[in-house]
Amino acid sequence: MCGICGTFAPGGDPDRTLSATMVRRITHRGPDEVYSLNTPSVSMKLARLGMTGLVHGWQPAEDRSGRFVAMTNGEIYNAARLRRELGGDDWANTVDVAVVPELVARYGVAGLARIDGQFATAVLDRAENALYLARDRFGVCPLHYTGVGGQVHFCSEIKALVTTVPGPWRVDHTAVDQYLSLGNVVAPRTLVRDVHAVPLGCAVRFDADGQDTIRYWRYGEFTAGEDVPAEELRERVRTAVGDRLTADVEIGAYLSGGFDSSTIVVEAARLLEKPPKTFSVVFDDAALDEGRFQRVIAEAAGSEHHQVRCTAADVAGEFEAMVRHCCHPQRETYNVAALMLSREVGFAGVKGVVSGEGADELFFGYDSYVFDAARRKPPTAREENASAWGRADFGWEVDWARLAARKEACLAPEAAEAVAGREFWRDRLVPLTDAEAAALTPMQLRSVADVHVQLAGHLLGDHGDSMLMANSIEGRYPFLGNGVVDAALRVADERKVADFEGKACLKEAYGGLLPESVLHRAKQGFTAHGLTAVADGPTLARWRDLVAASGLFRPDALDALGGLAARRPDKWDVRLSVISISTVVDELGLLP
């Protein structure tokens, strides 16, 4: 996956010490080697995690004319086909991402839509003295930037960026409101004011005149008018799995025991001469543990299976360190288990894993889609919904009465005043016009919202990229392959949700190929031990001090939120959100 960082100064003379400092702070993303690019207007570095082109591949990569030069992290799974389309058999640079500058030279930024893969790239246009920062379709690879003093600084990780570029840095109160409302921070916002995430499917262009965001692709172009046979779905998933197993190093597989990861493991075992090593988390708590399902699939696939046991003591010992590493708010403790899991992958000598993220969003696997399908009348319309989602009758996961009580219980008076007028719903959170949102079914609009709110920032972000790359492991996601996505957009709603079951079309496609105990088991989210089970007296006292010192929350916020949840259980433990936001504020030295 690697990590990129740098400074672009359109007027010349970029501060080259900043990229040198940032790259040292992200070497966990790319411990194999460091590449550099220095021109009169840009200083860029890449910390490489070598996965392909280990002998005859390098960066920076240039197009044939030399006009465009790029540093890219990620994987281009259709690189061979793109090379053929772009012409010539004389590609001396065999690293897959070498196609990026050639695509931009041939097609402009729109050429990035041809990529089947995951990437974050910085492309310098030498002719126009412009820099493009771009991310893949679903935002698998992170990329953050900020403009300070006429220069643009960028980095794969927000912590390295903020702790390297001189501040002062302040909290983005809209991002805090987003998290308290949605349980996520939505790109381009981050928790740090004036530090932005490149939106998924977009390139941000910088030159001497300013910046412009260009969208080259978006999820949500549903056609849903033609039948997609089960055989075609299965073939597209199999192809995507095969593409993501291709590397010059060993690729393993995450195995939660649910349908999505089990499908990938079964396909991988059929494609490889030797099944991939599989990796799972188990718990002592029977309500959390999925070990029996994991073992069923591992035995069926014949994989060398690795289990990591996550205890309450593990969560207590690593939760704060995990937050300080990723600098992203949390609403669960399960990222500790994810961090332990990626560590085990590294111990096993594996550099990458395939994982099942994306299936629920594309094929309507969450319970909320079932509720949408069963709904007999539209929800109450609100103007806030129209602002955020483009439709007054669509509110995603927001309970407005509960949200008001939540914010009253935890926000300090100064923070509440700062949030007023900057509430989360004032941003359009999906890349749709009102007319486009109105043309979608409720489940289709929910799918678009899930992708932008939950999948990109959280499941692929702090839960995926941050936890994997902390231990120099790359995550790969077959359900986000272009062929699978194209098929998902064509499948009608009623084939995705049937008989009160989500992902029905996928389960039909894999009937007889997966054990029945896994095929139709109820959806179980990845959950670890809760706050009550892990926080002893001294730990809670330290966290209360962090909350009080943040300047964002009331000193008694944890007690007030605990009392609120006792009266009416909440969707997630908001105390963890308050603790983790306060921890990020402390780690980055943010002003309230």
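Note: the structure precedes this text.
Here we summarise the structure given alongside this text. Here the residue index of a chain counts from 1 through its sequence in written order. Whole-chain, interface and lining totals are the exception, using all residues; otherwise, since this is a predicted model, local features are given only for residues with pLDDT of at least 70 and side-chain atom pairs are given and counted only at 80 or more. As a rule here, side-chain values cover all heavy atoms of the structure and leave hydrogens and water aside.

Topic: helix α3 (residues 99-107)
- Burial classes follow relative accessibility: with a 1.4 Å probe on protein chains only, a residue under 20% of its type's maximum area counts as buried, one over 50% as exposed, and anything between as partly exposed. Think of it this way: any DSSP run of H or I at least four residues long counts as a helix, any run of E at least two long counts as a strand, and we number them from the N terminus. Within α3, burial applies to Val99, Val100, Pro101, Glu102, Leu103 and Val104.
- Positive phi appears at Gly108, one or two residues downstream of α3, with a value of about 75°.

Overview of unusual backbone geometry
- Put simply, Gln59 and Pro60 share a cis peptide bond, and its omega is 5°.
- Of note, the bond from Ala187 into Pro188 is cis; its omega dihedral lies within 30 degrees of zero at 15°.
- For Pro188, the location among the structural elements is in the loop between α5 (173-182) and β10 (196-197).
- Here Asp194, not a glycine, exhibits a phi torsion of approximately 75°, which is positive.
- Here Asp194 shows up in the loop between α5 and β10.
- Its identity is not glycine, yet Lys503 carries a phi of approximately 55°, on the positive side.
- Mapped onto the elements, Lys503 comes out in the loop between α19 (493-496) and α20 (504-509).

Some words on the pairing of strand β11 (residues 202-207)
- Here β11 lies mainly inside the structure; six of its six residues are buried.
- DSSP-based pairing: two strands are paired if at least 2 bridges between them are found. Both strand β7 (residues 130-135) and β11 contribute to a ladder of four bridges, which runs antiparallel. Paired with Tyr132 across the strands is Arg205, a residue of β11.
- Of the strand pairs in this sheet, β11 and strand β12 (residues 210-215) are connected by six bridges, and their pairing is antiparallel. What sits directly across from Arg205, in β12, is Asp212.
- Hairpin connection between β11 and β12: a loop of two residues separates the two successive antiparallel strands.

So, the packing of helix α6 (residues 230-245) against helix α18 (residues 482-490)
- Interaxial angles span 0 to 180 degrees and are taken between N-to-C directions of axes, which are lines fitted to C-alpha atoms, for helices over the stretch in contact. Viewed as axis vectors pointing N to C, α6 and α18 meet at an angle of 155°, and their least axial separation amounts to 8 Å. When the interaxial angle is binned, α6 and α18 end up roughly antiparallel. Seen along the crossing, α6 lies across α18 with a hand that is left-handed. In contact with Glu232, Leu233, Arg236, Val237 and Ala240 of α6, α18 contributes Gly483, Val484, Asp486, Ala487 and Arg490.
- Across the contact of α6 with α18, the residue classes tally to five nonpolar, one polar and four charged. Under this scheme an angle from 65 to 115 degrees is roughly perpendicular, one under 35 degrees roughly parallel, and one over 145 degrees roughly antiparallel; angles in between are oblique. Crossing chirality is assigned from the near helix's rotation relative to the far helix, an anticlockwise turn below a right angle marking it left-handed and a clockwise turn marking it right-handed. We call two residues in contact whenever any of their non-hydrogen atoms come within 4.5 Å of each other. Classification used: nonpolar for Ala, Val, Leu, Ile, Met, Phe, Trp, Tyr, Cys and Pro, charged for Asp, Glu, Lys and Arg, polar for all others including Gly.

Some remarks on the pairing of strand β9 (residues 151-155)
- Taking burial as the measure, the five residues of β9 include five buried ones, the bulk of the element.
- The side-chain alternation of β9 yields two buried faces, one formed by Gln151, His153 and Cys155 and the other by Val152 and Phe154.
- Strand direction decides the pairing type here: strand β1 (residues 3-8) and β9, joined by four bridges, are antiparallel. Paired with Cys5 across the bridge in β9 is Cys155.

Quick notes on the packing of helix α14 (residues 400-410) against helix α24 (residues 557-567)
- With their axes 8 Å apart at the nearest point, α14 and α24 run at an angle of 150° to one another. Relative to α24, the element α14 lies roughly antiparallel. Judged by residue contacts, Ala405, Arg406, Ala409 and Cys410 of α14 engage Ala557, Ala560, Leu561 and Leu564 from α24.

Re the pattern of salt bridges
- We count a salt bridge whenever a side-chain nitrogen from Lys or Arg sits within 4 Å of a carboxyl oxygen from Asp or Glu. Under the counting rule described, the total for this entry stands at 51 salt bridges.
- In this structure, Arg29 and Glu157 form a salt bridge, with 3.1 Å as the shortest nitrogen-oxygen distance. With a gap of 128 residues between them, Arg29 in the loop between α1 (16-24) and β2 (33-38) and Glu157 in the loop between β9 and α4 (158-164) connect regions that are remote in the sequence. Each member of the pair, Arg29 together with Glu157, is buried.
- Asp399 is the salt-bridge partner of Arg402, the closest N and O atoms lying 3.8 Å from each other.
- What emerges from the salt-bridge pattern is a single network uniting Lys159, Glu320, Arg324, Arg542, Asp586 and Glu587.

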